[in-house]
Structures are given as C-alpha cells and as structure tokens.
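Descriptive analysis of the structure
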Amino acid sequence: MDNKIKNIGIVGAGQMGCGIAHVSAVAGYKVHLYDLSQDRIESALATINGNLARQVTSGKMTDEERKAALSQITGSTDINDFAPMDLVIEAATEDESVKRKIYAHVCPVLKPDAILATNTSSLSITRLASATDRPSHFMGIHFMNPVPVMKLVELVRGIATDEGTFSTAKDFVATLDKTVTVAEDFPAFIVNRILLPMINEAIYTLYEGVGTVDAIDTAMRLGANHPMGPLQLADFIGLDTCLSIMQVLYEGLADSKYRPCPLLVKYVEAGWLGRKSGRGFYDYRGPTPVPTR
C-alpha cells in the first residue's frame, strides 16, 4: 500500500461518497465520512454494508473481509475529525458554490501536506483549486458511478497541481484495483465530454419525435451494443446532473452543439430527475419502469 496515504476523509455521504468509502475500506484504508446530518451518515453506512454483503453473496469477498472493511469506516458531522487525514476527497453535489463553501471549512482543519481532491465530473480543477489554500496539493480524482463496479478513475491536474500530488493520487488509485486515465483540465474531461452530448442528442431525438423512449433505448442497446439505452442511463445518472454537465460544456466551450435540450430542462424543472425521484424518462413507481413519453 502507498505509505503516503493511510487515512482518507470523504465529504458527502451520498451515492458517490458511499462508493468511494466502500472501495477505499476494502483496499485497507481507514476512511472517515463527513456529512451535515447524522441521518445521512447512518444511511450511508447501511448502504455500504448492503453493497459489501452483495459482494459476499456473489463470492467476490468473504464475510470476514466484509466485517474488516466495515470496521475501517467511521462517520461524523464534525469537520474537525479531518485533522489527521492524508487525503480528503470532496464528493458533494455538482455545484461550484457548494464545493467552494466546503473547501473554506475543510482547508483550515487539514494538515499542511494533506491532499485535497474533488470527485467533480465536469468543473474546472484549476478554478476549484484557487478556492483552496493548497492549489499545488489539489486535483481531480473522478470515480465513475457505481464506484464498486466501475473500473475507471479519471485523474485531472489543475494548472498548479504538483507532480508529487499527482503521483500520490495515481498510486492510491492503483491500490483500489482501478484503471487510471489522465484527462486534461477541460470542461467535463474525457468520459462526460463524450457521453453527455450523446445522452443530450438522444433527448433531442425524443424531443423532435424521431423515436419514442422505448425505440431510442432499444436502438442503442441492440444497434450500438450499449449495456443500457441513453435515456435509461440519463435516469440512472440523474437528469439534474446531466443538465448541469451540459451547462458546464455549453458555457465552458461556447459551442452550440452542447446546448442542453429544452426537454431535459423541462424534466428537471418538473422535478422528474430519474430513478432517484421516481420519475424521469421512465416512471419507476410501479413494479417495472414505464416510459413517460
């Protein structure tokens, strides 16, 4: 194990924070989850336990390994618990002002040589780094969702990220049994710069009446061999997240090809955010998902 990093802090006990805690604990790191409410931490620990149990059932780990991993994870609502951390990964919502507020609270607590990383899927690493007291010790470590399953991690340096920070992050990711891809600090990096315009185009295809939800998803699953259709995938990611990444692309690159589809905007305004809210391009409130148009 990389000797520079032993204790990992994670800001945000949502879906991504849970996943990052899960894989880090399995790799033997001590993990501390921070969130604003104790309820969110309790529910995160329950989620992690459930996901670990699933890996036991499928034969990926033993029950002893599950217990060992779980014993590595603690959680609290006190930011001061980050004082001994070697690496803190911020996995909060994809909103720059929220992230900046977090850094303002976290930075004064951290050791001078601690690395601060963000799991952002689209925002400028250089700009986020400038909101911290340690731009040279700041970078993007972008995990894919669901973290325990997905093999890829995008590493993104800001203009000020130093070589030591980058190599430490690279070594850390290698110990998690993940594959690294290095992306330059441009809006949405590699995966989302290619994936999100495809999803947005699928929504335009629906908006323009070229095909129904079912026709579009079936076409891409069976015609392009995608494991899930683009509208089903959008619902899985969350339509609010899809919209915010498209907005980052559109504003950051000023190219009309990245304009978010008006239908995507409408769904988000309706609060139909996909799987997490019960409705998106599919309605998830019954026994099987039903297309909403």
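Keep in mind it's a predicted model, so treat the numbers as computed, not measured. (Residues numbered from 1 in each chain as written. Predicted model: local features only at pLDDT ≥ 70, side-chain atom pairs only at ≥ 80, totals over all residues. Heavy atoms only, no water.)

Here the focus is the overall build of the chain. Helix and strand counts for the chain stand at 11 helices and 10 strands. Against the globule reference of 19 Å for 293 residues, the chain gives a C-alpha radius of gyration of 19 Å, in line with a compact fold. Along the first, second and third principal axes, the C-alpha set of the chain runs to 55 × 45 × 35 Å. Counting every position in the chain, which comprises 293 residues, the buried fraction comes to 47%. Across the chain, contacts joining residues at least 24 apart in sequence account for 66% of those joining residues at least 6 apart. For the chain, the exposed surface amounts to about 13,500 Å²; the carbon and sulfur share of it is 55%. Looking at the chain, you have 28 positive and 33 negative side-chain charges, and the mean spots of the two groups are 3 Å apart. (Helix = DSSP H or I, 4+ residues; strand = E, 2+ residues; numbered from the N terminus. Rg over C-alpha atoms; globule rule 2.2 N^0.38 Å. Buried < 20%, exposed > 50% of the residue type's maximum accessible area, 1.4 Å probe, protein only. Contact = heavy atoms within 4.5 Å. Areas by Shrake-Rupley, 256 points an atom, 1.4 Å probe, with all protein chains shown as cover. Lys, Arg positive; Asp, Glu negative; His and termini not counted. Charge placed at Lys NZ, Arg CZ, Asp CG, Glu CD.)

This paragraph deals with the nonpolar core. Ile8, Leu87, Ile89, Ile141, Phe143, Leu155 and Phe172 are the most contacted members of the largest nonpolar core, which totals 35 residues. Sort the elements by how many residues they give to this core and helix α1 (residues 15–26) lands first, with six residues. For Phe143, the contacting residues outside a window of four places in its chain are Met16, Ile20, Val23, Ile89, Asn119, Leu152, Val153, Phe172 and Leu176. Listed in part, the 27 residues of the second largest apolar core include Ile203, Ile216, Leu231 and Ile245. (Core = buried A, V, L, I, M, F, W, Y, C linked by side-chain atoms within 4.5 Å.)

Where burial is concerned, the two faces of strand β4 (residues 87–90) agree: the one with Leu87 and Ile89 and the one with Val88 and Glu90 are both buried. In this structure, strand β1 (residues 7–11) lies alongside β4, joined through four bridges in parallel fashion. Within β4, the position partnered with Ile8 by the bridge is Leu87. In this structure, β4 lies alongside strand β5 (residues 115–118), joined through four bridges in parallel fashion. Its bridge partner being in β5, Val88 is matched across the sheet by Leu116. (Pairing = 2+ DSSP bridges.)

Once that is clear, we can look at the packing of aromatic side chains. Each aromatic ring pair is characterised by the separation of its centres together with the angle its planes make. One pass over the full model with this rule turns up seven aromatic pairs. Judged by centre distance (5.4 Å) and plane angle (75 degrees), the rings of Tyr103 and Phe138 are edge-to-face. Residue Tyr103 is found in helix α4 (residues 96–106), and its partner Phe138 is found in strand β6 (residues 138–143); the two are separated by 35 residues along the sequence. In this structure, Tyr103 and Phe138 share a single accessibility class: buried. (Phe/Tyr/Trp six-rings, centres within 6.5 Å; stacked < 30°, edge-to-face > 60°.)

This part takes up the UniProt feature "site: Important for catalytic activity" (unreviewed entry) in the chain. As recorded in UniProt, the sites labelled "site: Important for catalytic activity" (unreviewed entry) are His142. Along the chain, His142 falls in strand β6. What His142 contacts, discounting residues up to four positions off in sequence, is Thr118, Asn119, Thr120, Ser121, Leu152, Val153, Glu154, Phe189 and Asn192. Engagement of the side chain of His142 in a polar contact is seen with the side chain of Glu154, the distance being 2.8 Å. (UniProt positions renumbered as here; feature names shortened; annotations may be inferred. Polar contact = N/O pair within 3.5 Å; in protein donor to acceptor, adjacent residues only side chain to side chain.)

Let's shift gears to the packing of helix α8 (residues 213–223) against helix α9 (residues 230–237). Packing of α8 against α9 brings their axes to within 7 Å, and their N-to-C directions diverge by 100 degrees. Compared by their axis directions, α8 and α9 come out roughly perpendicular. Residues Val213, Ile216, Asp217, Met220 and Arg221 of α8 form the contact with α9, whose participating residues are Pro230, Leu231 and Gln232. Residue composition of the contact of α8 with α9, grouped by class: five nonpolar, one polar and two charged. (Axes fitted to C-alpha atoms, helices over the stretch in contact; angles between N-to-C directions. Parallel < 35°, antiparallel > 145°, perpendicular 65-115°, else oblique. Nonpolar A, V, L, I, M, F, W, Y, C, P; charged D, E, K, R; others polar.)

Let us now look at the side chain of Thr132. Assignment of secondary structure puts Thr132 in the loop between α5 (125–129) and β6. A relative accessible area of 12% means that Thr132 is categorised as buried. Of note is the side chain of Thr132, whose polar atom sits 2.7 Å from the backbone oxygen of Ala129. Among the polar contacts made by the side chain of Thr132, one reaches the main-chain amide nitrogen of Arg134 at a distance of 3.1 Å.

In space, the eight strands of this open sheet follow the order β3-β2-β1-β4-β5-β6-β7-β8, with mixed pairing throughout. Here the strands that pair on one side only, and so sit at the sheet edges, are β3 (73–76) and β8 (179–183). Within this sheet the neighbouring strands show an average axis-to-axis angle of 25 degrees, counted without direction. In terms of strand pairing, strand β2 (residues 30–34) meets β3 through four bridges, oriented parallel. For Tyr34, the partnering residue across the bridge sits in β3 and is Ser76. Lying over the sheet, helix α2 (residues 38–57) contacts β2 and β3, oriented at roughly 160 degrees with respect to β3.

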